[in-house]
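# Architecture and fold: a report
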Amino acid sequence: MSAAFSKRVDAALADPILKIAVERTAGTAEAKRAIAVDAFAQFEAARTRAAAIKDHVVAHLGYYLEQFETAATSAGAHVHYARTADEACKIVIDICKAAGARTVARSKSMMGEEIGLPHALAEAGIGRVETDLAEHIIQLADERPSHIVWPAMHKTSEQVSALFKQHHALPHSEETIPAMAESARRHLRQGMLGADVGISGANFLVADSGAVCTVTNEGNAELSLVPPRVHIVTAGIEKLVPSMGHAVQLLRLLARSATGATLTQYTTFYTGPKRAADPDGPDAMHIVLIDNGRSAMREDGLAEMLRCIRCGACMNHCVVFRQIGGHAYGGTYPGPMGAVLTPALDGLAASRDLPNACTLNGKCQEVCPVKIPLPTLLRGWREKSWREGLEPATMRQGIAAWAWVAQRPRLYRLAVRAAIFGMRRFGRGWIRTLPLASGWTAHRDLPAPDSESFMNRYARGER
Amino acid sequence: MSARADILGKLGTAAPPPGTAEALLADPVRPAVAGDRVATFLTALALPASGATHERIGSVAEAPAAVARYLAEHALPPAVFVPDDPRLAADWSGFALSLAITPDEPAVIAWARLGIAETGSLVFETGPHAPMLPNFLGLHHIVLLPETAIVAHLEDAALPGPQPRAHYWVTGVSGTTDIEGQYIRGAHGPRFLHVLVVGER
Ligand code: SF4
């Protein structure tokens, strides 16, 4: 374990408020997803199809990028390419400067976080209004997102209330969550309507029409992107789909996996800027297509990770995430998907602990709507880390030891079986001691594994 | 080398084998919409996740009276924003009409091209007579939808030919679960959605 990671984990484990805040949101999300999945009888077949759609696109990314570029350009949008985060930020800042922008309204986008856009805008002296409620909360708190769908998941309502009272001109007087949401509605409305540039990410890029699809439940994307003069989209190249018909098959899974809804409240396809006779819409639309390591991931055995539609289900169901929250991971993306992505984005040497902070219980893969074999990809990073000699010679207690056990399938199976046995004896859903995980259980209860472990089923070929 | 040439060079731009993308559209995996599409749509609309209400009317001419009743029920004055959309042509003289949309518009009227039974979604497109912003600014969103325009699935919503600036689906009222996962209506967009299903009487 690196000292920095251990420190973050220890701090997270010792923070009693954090665990409560994370449990409230992740627990609700887990329950709602389960209901939605039960109600969709063909969910399993839909996952298989969704994975096939993404694999098809990832295999032919260059073809679809060109097709998208041609269609978007003929609809009047400007298409830019960026190899790296820095190139992407420079393109965005240059567009803002050329437009004489003083403030931008931003609609939550993990790609914006990945490339460090908030920082780049601040350096350029451009004001930034985060319009998603959770992003607004963490902007006020000067923090980073701790979850890809609920960025302020680590905040309790009491903490949010204090922030709003400090920063809003007309804050809520009643200590209820609806009153706090109303205070943010009042506060953000002027910011959205007065911005010079609107910046969004993309959930899908539709190759045959050149449309950019965003989904939100709040309606903040539309309020941020229609009034300003310029709309800038920052999107990862893996967001492509051949057509709207492919996008809707993924949308069905995205909403159910993220929030348990059948569809997000607002699903919008933007194609180019405002037409001559349109009463509203931006005069210019710019789309920045960003590689930032994705083409290399495809070649380096991480092609399956490019299926990810950023639903957040893997982290909501992860025993480690539920214990430590998102910030302890230290990267842009937390949880199981973050533990796979961060070493690819930030380098393995700096983030080799993340693939180790995992019990390999397989829950993330079971819930992933595009069937990403997250445990297999995490194991791949562990092996690479060992091969490259990044692991220290002596392994200590806690997560590191657990990881070491997990590298030895026989020991790992024994350890998990012992844990299942221990749980049965206690006759409860939670256990307080788990062999070889004392570093964890000193602070936290570990949820007990299902009565049969993923590895047992894996061994029988029931993946 | 330009970023574009670099990225496309690394990825390669060969076309997929003919028919492979189309095969992934065949037999889409989706919830069945059996029986009456209108009934399925109205059921989805009333689900708590959607939180919308509706009334069935016989023609567009009946819309102003239905809107007046709705506003009265919500103790709102008879004031609405009606976009300059010929599909909404009716006698709105009983209302105070906003000429330009304001940031805190209490009630906004709009026309939806389609309804989707699978999800209870309303389908809109921007156009010379169809602004987008009012549909997100208003507190009460009152939408006229022809009964004959209710289709079964999301796949049926696509608009053929050249796309408008924006094509958007509204599924229920604006909501957020950003504070402790608790569901709150009306985060930024409309807090109330009322659909007037226009029949052919
Ligand atoms: S890895 Fe799968 S479960 Fe996790 S965010 Fe991505 S799509 Fe969702």
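Residues numbered from 1 in each chain as written. Chains lettered and ligands numbered in written order. Predicted model: local features only at pLDDT ≥ 70, side-chain atom pairs only at ≥ 80, totals over all residues. Heavy atoms only, no water.

### A word on the confidence of the model for chain B
The cut-off we apply is this: Here pLDDT means the predictor's own confidence in every residue, given as a number from 0 to 100.
Within chain B, residue pLDDT values average 94, and 100% of them lie at 70 or more. Scoring the predicted complex yields pTM 0.90 and, for the interface, ipTM 0.97.

### Remarks on the UniProt feature "domain: LUD" (unreviewed entry) in chain A
Note the threshold: UniProt positions are given in the numbering used here, feature names are shortened, and annotations may be inferred rather than shown by experiment. Counting from the N terminus, the helices are DSSP H or I runs at least four residues long and the strands are E runs at least two residues long.
Those residues carrying the UniProt feature "domain: LUD" (unreviewed entry) are residues 65-290 of chain A in this numbering. Strand forms 21% of residues 65-290 of chain A and helix 42%; the C-alpha atoms that close the span are 11 Å apart.

### Considerations on the nonpolar core
Definition in use: Buried residues of nine kinds, namely Ala, Val, Leu, Ile, Met, Phe, Trp, Tyr and Cys, make up a nonpolar core once their side-chain atoms join them within 4.5 Å. Only protein chains enter the accessibility calculation, which uses a 1.4 Å probe. A residue is then buried if its area is under 20% of the maximum for its type, exposed if over 50%, and partly exposed in between. Segmentation of the chain into domains, including their bounds, is taken from an automatic or database domain assignment. Throughout, a contact is declared for two residues whenever any of their heavy atoms are within 4.5 Å.
Judged by nonpolar contacts, the single largest core of 142 residues is most densely connected at Met305(A), Met337(A) and Trp169(B). Among the elements that line this core, the one with the most residues is helix α12 (residues 244-258) of chain A, at eight residues. Looking at this core, you find at least three residues from each of domain 1 (1-39 + 312-391) and domain 2 (46-131 + 196-295) of chain A. Ignoring any residue separated from it by four or fewer positions in sequence, one finds Met337(A) in contact with Ile148(A), Met305(A), Cys308(A), Arg310(A), Cys314(A), Met315(A) and Leu374(A). Membership of the second largest hydrophobic core comes to 24 residues, among which are Ile91(A), Ile93(A), Ile115(A) and Leu121(A).

### Structural notes on the sheet that holds strand β5 (residues 114-116) of chain B
Formally: By definition, two strands form a pair when at least two bridges between them are found by DSSP. Axis definition: a line fit to C-alpha positions, over the contact stretch in the case of helices; interaxial angles, taken between N-to-C directions, run 0 to 180 degrees.
The strand order β8(A)-β5(A)-β6(A)-β9(A)-β9(B)-β6(B)-β5(B)-β8(B) describes an open sheet built from eight strands, whose pairing is mixed. Edge positions in the sheet fall to β8 (240-241) of chain A together with β8 (150-151) of chain B, since each has one partner strand and no second. The sheet strands contacting α12(A) are β5 (204-206), β6 (211-216), β8 and β9 (266-270) of chain A together with β9 (166-170) of chain B, and the helix crosses β5(A) at an angle near 165°.

### As for the pairing of strand β4 (residues 197-200) of chain A
Residues and elements named next belong to chain A. Across the two faces of β4 the burial is the same, with Val197 and Ile199 and Gly198 and Ser200 all buried. Taken together, the three bridges between strand β2 (residues 103-106) and β4 define a ladder with parallel strand orientation. Its bridge partner being in β4, valine 104 is matched across the sheet by valine 197. Where β4 meets strand β7 (residues 230-236), four bridges bridge the pair, whose relative direction is parallel. Paired with isoleucine 199 across the bridge in β7 is isoleucine 232.

### Observations concerning the interface of chain A and chain B
So the rule is basically this: Buried area counts how much accessible surface, traced with a 1.4 Å probe, disappears from two parts once they are put together, with both parts' losses summed. Take a side-chain nitrogen of Lys or Arg and a carboxyl oxygen of Asp or Glu: if they are within 4 Å of each other, that pair is a salt bridge. Under this definition, polar contacts are N or O atom pairs within 3.5 Å; protein pairs additionally need one hydrogen-donor-capable and one acceptor-capable atom, and for neighbouring residues in sequence, both atoms have to be side-chain atoms. Classification convention: Asp, Glu, Lys, Arg as charged; Ala, Val, Leu, Ile, Met, Phe, Trp, Tyr, Cys, Pro as nonpolar; all other residues, Gly among them, as polar.
Counting residues at the interface gives 92 residues for chain A and 77 residues for chain B. Sorting the residues of chain A by area buried against chain B places Arg185(A), Arg252(A) and Gln265(A) first, and these three jointly supply 10% of that buried surface. Counting every contact that joins chain A to chain B gives seven salt bridges. In this structure, the salt-bridge partner of Glu182(A) is Arg191(B), at a minimum N-O distance of 2.4 Å. Viewed at the interface, chain B and chain A are joined by 42 residue pairs in polar contact (both at pLDDT 80 or more). Top element by residues in the side of chain A that touches chain B is helix α10 (residues 177-193) of chain A. It accounts for eleven residues. Among the residues making up the side of chain A that touches chain B, the classes are represented as 42 nonpolar, 27 polar and 23 charged. Here β9(A) pairs with β9(B) via five bridges, running antiparallel. Bridging from a neighbouring strand, Phe269(A) pairs with His167(B) of β9(B).

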